[in-house]
Amino acid sequence: MKSRFMAAVCAAVVALSLGVHAQGKGGAASITPAELKDWLSYIASDQLQGRQVYTEGLGLAASYIADHLKEWNVKPAGDDGTYFQVVKVNGVNVTRNSSVTVTVNGQTKTFKDGEGVTFPANAGGKQTVSGQAEFVGYGLSLPEAGIDDYKGRDVSGKVVLYVGRGPKSMPAGGNRLLGARARNAIELSHAVAAIGPSIGGGFGRGAGAGTPAATATPATTATPTPTAAQPAAGRGAAGGGRGGANATLGDFTTVQRLDNKVPPQITAGDEFFDFIFSAAGQKYADIKAKADGQDAIPAVALNNVSITINVDADYTIVQTRLTRNVVGIVEGSDPKLKDTYVLFGAHYDHIGYQQTPPRQQPASPQRPQGAEAGGGFGGGNAPGGCTGQQRDTPKAGDVINNGADDDGSGTVGVMAIAKAFATGPKPKRSVMFVWHAGEEAGLLGSRYMADYPEVPLDKVSAQLNIDMIGRNRCDEASEANTVYLVGSDRISTELHNLNEDANAALAAPMKLDYEFNDPADPESIYTRSDHYSYASKGIPIIFYTTGLHRDYHYVTDEVGKIEFSKLAHIAQLVYTTGVKVANLDHFPARDNKGPRKGKGASGKIGS
Ligand SMILES: [Zn+2]
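The structure presented is a predicted model; accordingly, all values stated were derived computationally and were not measured.

Mind laying out the packing of helix H2 (residues 33-43) against helix H15 (residues 564-583), listing which residues take part and the relevant values?
Relative to each other, H2 and H15 sit at 105°, their axes nearing to 8 Å. When the axes of H2 and H15 are compared, the pair comes out roughly perpendicular. Contacts from Pro33, Leu36, Lys37 and Leu40 of H2 reach H15 at Phe564, Ser565, Leu567 and Ala568. Split by residue class, the contact of H2 with H15 holds six nonpolar, one polar and one charged.

Go over the packing of H2 against helix H11 (residues 404-423), please, and point to the residues and values.
Running from N to C, H2 and H11 point in directions that differ by 130°, and their axes come no closer than 9 Å. In terms of orientation, H2 and H11 fall into the oblique class. When the axes of H2 and H11 are compared, the crossing they make is right-handed. Between H2 and H11, the contacting residues are Glu35, Leu36, Trp39, Leu40 and Ile43 on the first element and Ala404, Gly408, Ser409, Thr411, Val412, Gly413, Met415, Ala416 and Lys419 on the second. For the contact of H2 with H11, the per-class residue count stands at eight nonpolar, four polar and two charged.

Before we move on, could you go through the coordination of the zinc ion and cite the residues and values that matter?
Distances from the zinc ion to its protein donors, His347 (NE2), Asp406 (OD), Asp467 (OD) and Asp467 (OD), fall at 2.0 to 2.4 Å. For the zinc ion, the four donor atoms in the first shell make angles of 55 to 153° at the metal, a pattern classed as irregular. Between consecutive donor residues of the zinc ion, the sequence gaps follow H-x58-D-x60-D. Here aspartate 406, found in helix H11, pairs with aspartate 467, found in the loop between strand E17 (460-466) and strand E18 (482-486); they are 61 residues apart in sequence, far enough to count as distant. Of the two residues, aspartate 406 and aspartate 467, both sit in the buried class.

Residue-level account of the confidence of the model for the protein, with values.
Here the protein averages 86 in pLDDT, while 84% of its residues score no lower than 70. Scored below 50 in pLDDT, residues 1-23 makes 21 contacts in the model with residues more than four places away or belonging to other chains.

Please set out the environment of glycine 397 residue by residue, giving values where relevant.
Along the polypeptide, glycine 397 turns up in the loop between helix H10 (371-375) and H11. In sequence terms glycine 397 and proline 357 are 40 residues apart; their C-alpha atoms lie 9.0 Å from each other.

Describe the sheet that holds strand E3 (residues 99-104), naming the residues involved and giving the relevant values.
Across the sheet, which stays open at both edges, the eight strands sit in the order E4-E3-E13-E6-E9-E10-E12-E5 with mixed pairing between neighbours. Both edges of this open sheet fall to strand E4 (107-112) and strand E5 (117-118), since each of them pairs with a single strand only. The sheet contact formed by strand E6 (residues 127-135) and strand E9 (residues 159-161) spans three bridges and is parallel. For glutamate 134, the partnering residue across the bridge sits in E9 and is valine 160.

Pulling in residues and values, what's your account of helix H3 (residues 56-71)?
Residues that lie three or four places apart on an α-helix share one face, since the helix turns once every 3.6 residues. Helix length check: H3 (16 residues) gives 23 Å between terminal C-alpha atoms against 22 Å at 1.5 Å per residue, within 8%. What H3 keeps buried is the set Gly57, Leu58, Ala61, Ala62, Tyr64, Ile65, Ala66, His68 and Leu69. Along its buried surface, H3 packs onto H2, strand E2 (84-96), strand E14 (313-330), H11 and strand E16 (430-436). Just downstream of H3 lies asparagine 73, where phi reads positive at about 60°.

Which residues make up the pairing of strand E15 (residues 341-347), and what values do they have?
Along E15, seven of the seven residues are buried, which leaves the element largely enclosed by surrounding structure. Covered by surrounding structure in E15 are Tyr341, Leu343, Gly345 and His347 together with Val342, Phe344 and Ala346, the residues of both alternating faces. By the bridge criterion, seven bridges tie E15 to E16 in an arrangement that is parallel. Counted as the bridge partner of valine 342 is valine 431 from E16. In terms of strand pairing, E15 meets E17 through five bridges, oriented parallel.

Now, about helix H12 (residues 444-451): what can you tell me, with residues and values included?
Taking burial as the measure, the eight residues of H12 include eight buried ones, the bulk of the element. Of all the residues in H12, the buried ones are Leu444, Gly445, Ser446, Arg447, Tyr448, Met449, Ala450 and Asp451. Along its buried surface, H12 packs onto E2, E14, E16 and helix H14 (531-535).

Can you tell me about the pairing of E14, naming the residues and giving the values?
Here two bridges tie strand E1 (residues 75-76) to E14, and the two strands are oriented antiparallel to one another. Of the residues in E14, the one forming a bridge with lysine 75 is isoleucine 329. As defined by bridge partners, E2 adjoins E14 across 13 bridges and the pair is classed as antiparallel. Bridged to glycine 91 within E14 is glutamine 319. With five bridges connecting them, E14 and E16 associate as antiparallel partners. The partner of valine 330 across the bridge, within E16, is valine 431.

Hey, could you go over the state of the cysteines for me, with residue numbers and the actual values?
Inspection of every chain in the model, using the stated rule, returns one disulfide. The disulfide partner of cysteine 386 is cysteine 474, and the gap between their sulfur atoms is 2.1 Å. Between cysteine 386 and cysteine 474, the S-S torsion sits near -90°, and that sign places the bridge as left-handed. Of this pair, cysteine 386 sits in the loop between H10 and H11 while cysteine 474 sits in the loop between E17 and E18, placing them 88 residues apart in sequence. Of the residues examined, cysteine 386 reaches a relative accessible area of 1% and is grouped as buried. For cysteine 474, a relative accessible area of 13% translates into the label buried.

What counts as what
Residues numbered from 1 in each chain as written. Predicted model: local features only at pLDDT ≥ 70, side-chain atom pairs only at ≥ 80, totals over all residues. Heavy atoms only, no water. Axes fitted to C-alpha atoms, helices over the stretch in contact; angles between N-to-C directions. Helix = DSSP H or I, 4+ residues; strand = E, 2+ residues; numbered from the N terminus. Parallel < 35°, antiparallel > 145°, perpendicular 65-115°, else oblique. Contact = heavy atoms within 4.5 Å. Nonpolar A, V, L, I, M, F, W, Y, C, P; charged D, E, K, R; others polar. Left-handed = near helix turned anticlockwise from the far one by under 90°. Donors = N, O, S within 2.8 Å, 3.2 Å for Na, K, Ca; no water. Tetrahedral: all angles 85-135°; square planar, octahedral: opposite > 155°, others 65-115°. Buried < 20%, exposed > 50% of the residue type's maximum accessible area, 1.4 Å probe, protein only. pLDDT = per-residue confidence, 0-100. Pairing = 2+ DSSP bridges. Expected span 1.5 Å × (residues − 1). Disulfide = S-S within 2.5 Å.

See the structure below:
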């Protein structure tokens, strides 16, 4: 009996991975355009009012998903035997006691937080970090643009210092690239800390004056909405008028543990840099003049300069708001492997509705109401980065941001994948499905799940995340069979290759495009949806998206514009990849080689 059953399961899995339509229920063949359309017609309906976090509409969506999970006998994996994990969103006040101590040729100076150096409001748990100082000019590594300040340097274990706003040859999307310098120094080059200039104006946030957005509040680099990185005033109609938002209290908002130790990302003023360069044979004033003029900055060796960073902040929670992730598990078939997991995720929230009446006179015909949210994405005033295109004209009186593509498409895609597993053959490992809340408000649900996981993170082999898979990028017909993959090669080369194999095994393989995985891609998409919360914990991830379009974050992102057969096709690819990972006798190897597939690249990575 048992072996016959197992043989049947194996045969079914082989049939699926070959793209053959399996007979009977479940599996990839159960993922159909008609069912996806049926579900999305509710999820993205006006009745759900744009599914903004903390609103009734989001609650209706959560119940709808949970009801289906119950119908398919997916096991509840949230709190207290329910399908829901309560996410606590804390407003936090900070008391700053952190400092940076610099030793130059035996002479020591200490700079306190707020006096020459500025720590982010959320600087993480108390710790001391030390290292030799390494000056990396503008701190940019963009080889495609002919800029590489890291060339020939090993900054591993060191404290990286950089200045300025980049050279005259900075490519488009410069502000985001500048804002990512500290994170890249730490994540890609393995520095223990990063110290950069205080850059006001351009992209400083109100609360963290002069602090790059990416540094000020790690919890607000949401995706794919860049609104969080813009000054509050710039949020305009799409942000200020969204329904249901409570006033935010505290110096910063977070769902994460406050005792997490995070590599320091600090900004510093002239006095600090003066001292750093005091024995370097190069005056800081000269370097600053070159940086201000966006000229080439000479290499300066900071011999005998060491830095000790004392992170010491006390936090007080002054507000807690609640939302919910929806979570379910389908248990694996192997008694030994079933306590390990492959995770599938999408965010089921969106940006709500517009509370305030439409503006009579848009500032520019290219930027009608709501354009702020997506206007900067992809450069210029083109909505969704779609050059030469304009927003579609909304129906009269339409104020609901339906989010059919963002991320209704991922929401129903993961529902279909859950049903395929629940009603079909079971892989060896268990599979867990998470519909994240509050992605649009700063990856709230996924950051919370990564810090307060419902299954131990060391039992998670990979996370596959879906955000916006229902359209063609900029509505181009040439994109009809294209899906963009981000991050697949960064932590595990093996995971990348499993996905390539899964795609090749589909009856009709898709075109896998790695453009957004390019480390020089100005949108930094790798850091901007829920997968990043898991990747930050070292878990291999793949992010699937079909890219942006002119209806991005606008009331015209509606069900009628969704390509349901494409949506089903991508969900089958994600399912098939998941089956492969869940049947592996080992976790995809974490070789952490970073991004290698970029623009124009394709195929597997050879050994
Ligand atoms: Zn999204």
